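# Working through the structure, step by step
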Amino acid sequence: MTVQVTPSVEWINQCYEHEGDHEHVSLYLLRAPEGTVLVDSGSFYHREEITAAVDEATDGDGPDAIVLSHSDYPHAANVSPLGGDTEDVELVASSASPAQQGLPDARKCDIGGSLTIEGREFSFIDPPLADRSHTTWIYDHGDGVLFTADGFGNYHDPGRCDYLSDDFPESTPTDRIYEYHRDNLVWLRYVAPEKVDRTLDDIFASYDVNAVAPIHGNPIVGDDLDTYRERLRESIERIASEHSVA
Amino acid sequence: MPREIEPGIHWIYEAGPDRTESWDLADRDPEWYEEGQEAYVPQCAYLVDGGDETLLFDTLSPASTDEILAAIDELVGDRGLDYLVVSHPDVPHAGNALAILDEHPETTLVAPGYGNDHELYRLDDGVHVTEGDEIALGNRIVEFHEATFLDAPVSVWMTERETGTLFPVDWMGFTHLDNERLVFVDELDGEFDVSRLVEFHGRVLFWYQYVDVEKTNAEIDALIEKFDPEIVAPAHGLVIREDATEYMELMKDVTRTIDEQGRVGTLG
């Protein structure tokens, strides 16, 4: 089962539970003009569920292309099971040293550049919220979806795994956004929050974003984009203010 | 071929790709660069031999599986590898963990106790270490520390007590030239150029462009006071075995410089 995010983007939703909290470790399927494109390949922890979901969604054909936000295992662990190591599936990654990242066969996308994949234009954006240097955010020019890899995540309670942001009573809760970024982007404790915010402003001014699709959170749609941004700003300010040098 | 830093502490080196062209070094010609040379950001792993037991800190990248297995064989021989420590699960640091454990089933996997996603990295079965945990290897004792400047939340730093060596993983990495492979910093020609550190941190630790300079530099002061190391052994630079705290002081210039000029570029 997939969850429709925009007309041609579906969410292949997987969750990982720790201490009662759920954290998404998802991927997305785009139906591009010339074929299907996966954004990320998910974790080996969910390999069986992911390969079954992709198989069902593509009528057994599998994807035509896989675009990786980065090589971290929760994002890139199913390249081979999904056919990304074959000539039938185009593999695209941002790494400049694919062999060192364990992706020796990847076609390189340049951060800051664009590529047409399966008839769809994608731009690759230098992300202000990430945990690895070679991460790229991926903007889909077809539906205006911004795939934010590790950024824009949130934890959620059990039972809310399939929610889009507008399924929550008052959109994605602030404390869940804060907890996710506190735990996973540890370096935020050192930031000057306004610097991050300026870069986010630039990205949202440069790209017409209709939905944000994080790998580790519920997709953010419609008016919730502004709400999430505001809550993210509060969360980053809180993370930075809570850390003092011993 | 590994190089011994101090008796029982061995530096295992992987050059990685030449960065000269992708970083436009020939055109930009930074002060540390010499025309015609190739430039590298290495991957380093370290093997600590305490006489009684042996420990490997990080694994090199998947591009060097044969090399790391050969280095382990060379350094531990029939004695075997007792501990494999994964500093963090980034592919270039941990990408050979399974190959090493397959080859050395006697080895105990040691993983950071920080973070909450261990199963996603197959690190749930390892021994988890946090601040102050120690492993005694005989005449060497390693101690683990919360990683201060890091990328992955599942991270840990390490020190070796007898030699006063700090292993700060991604922090304090820097570029070097082709003829400087496996060279100690005190063996380099001329004065060490801080822009080597800027080049690395302004690309790889991309978040430096967003930090509060005063707070970050206060943290560097706290690290110098806490560790006061004799040797700094970074994962992405050359080993510093003299005046180590002076090089840690240089990191405050790195913070200020990146604050002024922004991100140098991507790893590219």
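Residues numbered from 1 in each chain as written. Chains lettered and ligands numbered in written order. Predicted model: local features only at pLDDT ≥ 70, side-chain atom pairs only at ≥ 80, totals over all residues. Heavy atoms only, no water.

### Looking at empty space enclosed by the protein
Taken as a whole and assessed by the stated rule, the structure comprises five cavities of 30 Å³ or more. For the largest cavity, the calculated volume is near 170 Å³. Of the residues belonging to the lining of the largest cavity, the class tally is five nonpolar, eight polar and five charged. Its boundaries defined by the atoms lining it, the second largest cavity holds a volume of some 90 Å³. As for the second largest cavity, its lining consists of 13 residues, of which A:D131, A:N184, A:H216, B:D117 and B:Y121 are closest to the centre. Residue assignment for the lining of the second largest cavity shows that the elements contributing at least two residues are helix 2 (73-76) and helix 3 (174-184) of chain A. Its residues assigned to classes, the lining of the second largest cavity comprises five nonpolar, three polar and five charged. (1 Å grid on protein atoms, 1.4 Å probe; cavity = no way out; pocket = protein on both sides within 12 Å on 5 of 7 lines; lining within 4 Å. Points joined across faces, edges and corners; volume = space filled by probe spheres on them. Nonpolar A, V, L, I, M, F, W, Y, C, P; charged D, E, K, R; others polar. Helix = DSSP H or I, 4+ residues; strand = E, 2+ residues; numbered from the N terminus.)

### Overview of the UniProt feature "domain: Metallo-beta-lactamase" (unreviewed entry) in chain B
The feature "domain: Metallo-beta-lactamase" (unreviewed entry), as annotated in UniProt, sits at residues 42-236 of chain B in this numbering. Taken as a whole, residues 42-236 of chain B contains 23% helix and 21% strand, while its terminal C-alpha atoms sit 5 Å from one another. (UniProt positions renumbered as here; feature names shortened; annotations may be inferred.)

### What about the pairing of strand 11 (residues 157-160) of chain B?
All names here are of chain B. Side-chain alternation along strand 11 places W157 and T159 on one buried face and M158 and E160 on a second face that is also buried. Bridge analysis of strand 10 (residues 141-145) against strand 11 gives four bridges, and the strand direction is antiparallel. Paired with H145 across the strands is W157, a residue of strand 11. Pairing of strand 11 with strand 12 (residues 165-167) involves three bridges; the strand directions are antiparallel. (Buried < 20%, exposed > 50% of the residue type's maximum accessible area, 1.4 Å probe, protein only. Pairing = 2+ DSSP bridges.)

### Comments concerning the sheet that holds strand 14 (residues 231-232) of chain B
Residue and element names in this part refer to chain B. The strand order across the open sheet formed by five strands is 9-10-11-12-14, and the pairing between neighbours is mixed. Looking at the sheet topology across the chains shown, the edges are occupied by strand 9 (134-136) and strand 14. Two elements, strand 9 and strand 10, share three bridges in a ladder whose sense is antiparallel. Each bridged residue has a counterpart across the sheet, and for A136 the counterpart in strand 10 is I141. In the packing of helix 6 (residues 213-227) onto the sheet, the strands contacted are strand 10, strand 11 and strand 12, and the crossing angle to strand 11 comes to about 35 degrees. (Contact = heavy atoms within 4.5 Å. Axes fitted to C-alpha atoms, helices over the stretch in contact; angles between N-to-C directions.)

### Some remarks on the pattern of salt bridges
Here the idea is simple: oppositely charged side chains can pair when their charged atoms come close. Residue and element names in this part refer to chain B. A complete count under the given rule lists 34 salt bridges over all chains for this structure. The salt bridge partner of R79 is D49, with a shortest N-O separation of 2.7 Å. Remark: D49 occurs in strand 4 (residues 43-49) and R79 occurs in the loop between helix 2 (65-76) and strand 6 (83-85); sequence separation between them is 30 residues. In this structure R79 comes out as partly exposed when scored by relative accessible area, which is 42%. Between E143 and R161 there is a salt bridge; the shortest N-O distance is 3.4 Å. In this pair, E143 is assigned in strand 10 and R161 in the loop between strand 11 and strand 12, connecting sequence segments 18 residues apart. Looking at R161, the relative accessible area reads 45%, which means it is partly exposed. (Salt bridge = Lys/Arg side-chain N within 4 Å of Asp/Glu carboxyl O.)

### Considerations on the UniProt feature "domain: Metallo-beta-lactamase" (unreviewed entry) in chain A
In this structure's numbering, the residues bearing the UniProt feature "domain: Metallo-beta-lactamase" (unreviewed entry) are residues 24-195 of chain A. Between the C-alpha atoms that bound residues 24-195 of chain A the distance is 27 Å, and the span itself is 17% helix and 23% strand.

### Describing the layout of surface pockets
Volume-wise, the largest pocket comes out at about 710 Å³. Every residue lining the largest pocket is counted, 31 residues in all, and those nearest its centre are A:Y73, A:A76, A:A77, A:G102 and B:R122. Counting residues per element, the lining of the largest pocket draws most heavily on helix 4 (residues 97-103) of chain B, which supplies three residues. Its residues assigned to classes, the lining of the largest pocket comprises 20 nonpolar, seven polar and four charged.

### Description of helix 3 of chain A
When helix 3 of chain A is considered as a whole, its buried residues turn out to be A:R176, A:I177, A:Y178, A:E179, A:Y180, A:H181 and A:N184. Those residues of helix 3 of chain A that are buried are in contact with strand 4 (21-24), strand 14 (155-156) and helix 5 (224-242) of chain A.

### Quick word on the interface of chain B and chain A
It is common to give the size of an interface as the accessible area lost on bringing the parts into contact. Contacts between the two partners involve 46 residues from chain B and, on the opposite side, 42 residues from chain A. Surface buried jointly by chain B and chain A totals about 3,900 Å² across both partners, of which 55% is contributed by carbon and sulfur atoms. When residues of chain B are sorted by the area they lose upon contact with chain A, B:L120, B:Y210 and B:K215 head the list and together hold 21% of the total. Linking chain B with chain A are four salt bridges, by the criterion used here. The shortest N-O distance in the salt bridge between A:R189 and B:E146 comes to 3.9 Å. Here chain B and chain A share 15 residue pairs in polar contact (both at pLDDT 80 or more) between them. Going through the elements one at a time, helix 3 (91-94) and helix 6 of chain B are the ones with two or more residues in the side of chain B that touches chain A. Tallying contributions element by element places helix 6 of chain B first for the side of chain B that touches chain A, with five residues. Here the residues of the side of chain B that touches chain A sort into 21 nonpolar, 11 polar and 14 charged. (Buried area = accessible area lost by both parts, 1.4 Å probe. Polar contact = N/O pair within 3.5 Å; in protein donor to acceptor, adjacent residues only side chain to side chain.)

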